[in-house]
Each structure stands twice: as structure tokens, then as C-alpha cells.
Amino acid sequence: MQLFERTFGDWDIAAAPSLGGALLACRFRGRNVLRDAVGAIMGGAAVTEAAAYPMVPFCGRISMGRFAFAGANYQLAPNFSPEPHAIHGTGWQSGWAVRACADGLSMELVDETLRWPWPFMAGQTFRFLGNRLSLELSVTNLAEHTMPAGLGWHPFFPVDGAALEAATGEVWARHVDAGNPPMAGAPDAGRDPAKRLDMEAVELDHTFTWCAPTARIEYPVRGMAFDLAASPNARFLTVFRPQNGRSFCVEPLSHLPEALNTLQPAALGTAALAPGKSLTLTIDLSVTLTDRP
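Residues numbered from 1 in each chain as written. Predicted model: local features only at pLDDT ≥ 70, side-chain atom pairs only at ≥ 80, totals over all residues. Heavy atoms only, no water.

Attention now goes to the overall build of the protein chain. Across its full length, the protein chain holds one helix and 24 strands. Taking 19 Å as the expected radius of gyration for a compact globule of 293 residues, we find that the protein chain reaches 18 Å, a close match to that expectation. With the C-alpha coordinates of the protein chain rotated into their principal frame, the extents come out at 60 × 45 × 35 Å. Looking at the protein chain residue by residue over its 293 residues, the buried ones come to 54%. (Helix = DSSP H or I, 4+ residues; strand = E, 2+ residues; numbered from the N terminus. Rg over C-alpha atoms; globule rule 2.2 N^0.38 Å. Buried < 20%, exposed > 50% of the residue type's maximum accessible area, 1.4 Å probe, protein only.)

Here it is as C-alpha cells:
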């Protein structure tokens, strides 16, 4: 596996294009912004141990890999053993090609394997501008028929005393199936990102309506803070921190997981891309060093 390492101003990155187009490390002025996964991945760990990876052409889980679209039924192969479901699309389990990009890293994927029933092209471009990382994700329908589509980013941040605050609203039920579609409700006490969450103390695996696509992660001990902002079509946010985990995820999504197994997938963010049409999601991550004047 080839490791792609570059420096762009104050940023240092390491990526593994052949391993799901994943980032393995992302540092600003020598400090980790995402978890450092270079050693783990080069030692043989799975892409799920990376620093970040793209979700394309759909986000989250499709229960049992089954869904209906435009009057036809589809069955996807499970891709996260031992679970019997399809999850996070196919991009994170594909090899990407590096493309030229003067101020960052650009990768492209053409997937005609039909693991997703429609062939597609995907892209991700990371640009580094001052203290800001700007990510653009895209997917283009290469099929002759309209396809459903969604985009998301799956970054892992170190826990390290982090506090998270995000402009979230409803929380959506987890672990559903086609006979039990997702339902929205009020967040549990102590698990509401609209209030300041101590990520050392909380356990989460929830998707929220993202009322305004902004979030802030503060590290008082590390002297850092991150401001996350996404394009308006990032309507949902998944926050994942397993029990006693040393990293957590704040995942911008263009559609609700399981949206395809609802009566109104478009209302929950699923795009219907005509042949040749594209969907784009942009995400900005700005870093502030709070322990420096």
C-alpha cells in the first residue's frame, strides 16, 4: 500500500488512496487534528481504523442491504462482517486514484463493479488554506437510469478532553429495518449536541437533524478548537463515541441513514440523480490554537 504524505503550509497529511481514499493523519502546526492512524494502518489495520474516510454513494446503514427505488427492489451485499447490512457505500472499500491539485490532495474513483446497482464516479478534494481544511465530496451518476445518492464524511477526532457543541435538533431512532422506519424524537438527557457534551463522559451512536450545519469541538487541555461548517445540503449529523473509546466521530451527512427505507426518501435527503448529474457536499474544518496569542 502506497502512503501519500505532503505538507501544505501549516498542514501535514498522510493518505492511503488505495485504501478507501482514507486519510491516515492530519496535523496543523504539528498537532493532530484527526486521530493518527499511520502506524495502525501500515501495521495491517482495517480502513475503519483510519483518521477519516468518505461515505459514497450513500451514508450510514441500509438494513439487510434491502431497499426499493423507482418501483424496483434492490439487494446489496453485506459489507461489514459480521453484520448482515450494507453500510457507508462502497467508496471506503475501493481504491482511489490521486489527481493533480496544487494546494491540496484530490482523489477520484470510478466504480463500475455494480456493488451499487448503478455505476458512478466519485471525487474528494482536500484544500489547505491558512488554518482551514476544505473538503469537497462529489458523486456523478454514470448509469443510463436515475440513481439514488448521498454523501458523507467519517472523521475520527481524539477524545483527549474534547467538548462538542453542534446546532442539532431531533434525534433519529437507530437500528431500524424496512418494516420499522426511522422516527424522530427528542434527544436523551446528557446526549444532546445542542448542549455542550463532554466527550470523555458520553457514549453515543446517534443521528441528529442538523438545524444549521455548524459544530465546534474544543480541547481546553490541548489548547485547540475546531469549527466545522458544511454546505446546506448536510442536513444530518451522526455523532459516534463508543464506550471507553479514545476517538469519536462527527459525521456530516446529506441524507438520513435508512432514508431509502422510508416512504419519503427525498424528504430525508436522498438525491435522485439523473444520468450524468452530480451531487456535491462541502465541509470546512477551521483550527484555532487557543494557547497561543
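A word on the packing of aromatic side chains. Each aromatic ring pair is described using two quantities: the centre-to-centre distance and the angle formed by the ring planes. Enumeration according to the criterion identifies 18 aromatic pairs in this entry. Here Phe8 and Phe128 contribute two aromatic rings whose centre-to-centre distance is 5.3 Å and whose plane-to-plane angle is 5°, an arrangement assigned as stacked. Remark: Phe128 occurs in strand β12 (residues 120-129) and Phe8 occurs in strand β1 (residues 4-8); sequence separation between them is 120 residues. The two residues Phe8 and Phe128 agree in class, both being buried. An angle of 25° between the planes, with centres 5.7 Å apart, marks the rings of Tyr53 and Trp92 as stacked. (Phe/Tyr/Trp six-rings, centres within 6.5 Å; stacked < 30°, edge-to-face > 60°.)

Turning our eyes to something else, we now look at the pattern of salt bridges. The full count for this structure, using the stated rule, is 13 salt bridges. With a shortest N-O distance of 3.3 Å, Arg99 and Glu108 are connected by a salt bridge. The class for Arg99 is partly exposed, based on a relative accessible area of 42%. Given a relative accessible area of 27%, Glu108 falls into the partly exposed group. (Salt bridge = Lys/Arg side-chain N within 4 Å of Asp/Glu carboxyl O.)

A word on the pairing of strand β11 (residues 104-111). Counting buried positions over the eight residues of β11 gives six, a clear majority of the element. Across three bridges, the pairing between strand β10 (residues 97-99) and β11 is antiparallel. Its bridge partner being in β11, Arg99 is matched across the sheet by Ser106. Connecting β10 to the antiparallel partner β11 that follows it, the hairpin turn spans four residues. (Pairing = 2+ DSSP bridges.)

As for its placement among the helices and strands, Glu251 is situated in strand β22 (residues 247-253). Of the side chains bearing the opposite charge, Arg35 lies closest to the buried Glu251, which forms no salt bridge; the N-O distance is 10 Å. Here the side chain of Glu251 touches His154 through a polar contact of 3.4 Å, side chain to side chain. (Lys, Arg positive; Asp, Glu negative; His and termini not counted. Polar contact = N/O pair within 3.5 Å; in protein donor to acceptor, adjacent residues only side chain to side chain.)

The residue after Val56, namely Pro57, is reached through a cis peptide bond having omega 5°. By the secondary structure assignment, Pro57 is in the loop between β5 (52-55) and β6 (61-62). One non-glycine residue, Met64, lies in positive phi territory at about 60°. On the secondary structure map, Met64 appears in the loop between β6 and β7 (66-69). Residues other than glycine seldom take positive phi values, yet Asp160 does so here, at roughly 40°. Within the element layout of this structure, Asp160 appears in the loop between β15 (152-158) and β16 (163-172). In this structure Asp160 comes out as partly exposed when scored by relative accessible area, which is 36%.

Its boundaries defined by the atoms lining it, the largest pocket holds a volume of some 770 Å³. Along the wall of the largest pocket there are 33 residues; nearest its centre are Ile87, His88, His154, Asp205 and Phe240. At the level of secondary structure, the elements contributing two or more residues to the lining of the largest pocket comprise β15, β19 (204-219), β21 (236-241) and β22. It is β22 that provides the largest number of residues to the lining of the largest pocket, a total of five residues. (1 Å grid on protein atoms, 1.4 Å probe; cavity = no way out; pocket = protein on both sides within 12 Å on 5 of 7 lines; lining within 4 Å. Points joined across faces, edges and corners; volume = space filled by probe spheres on them.)

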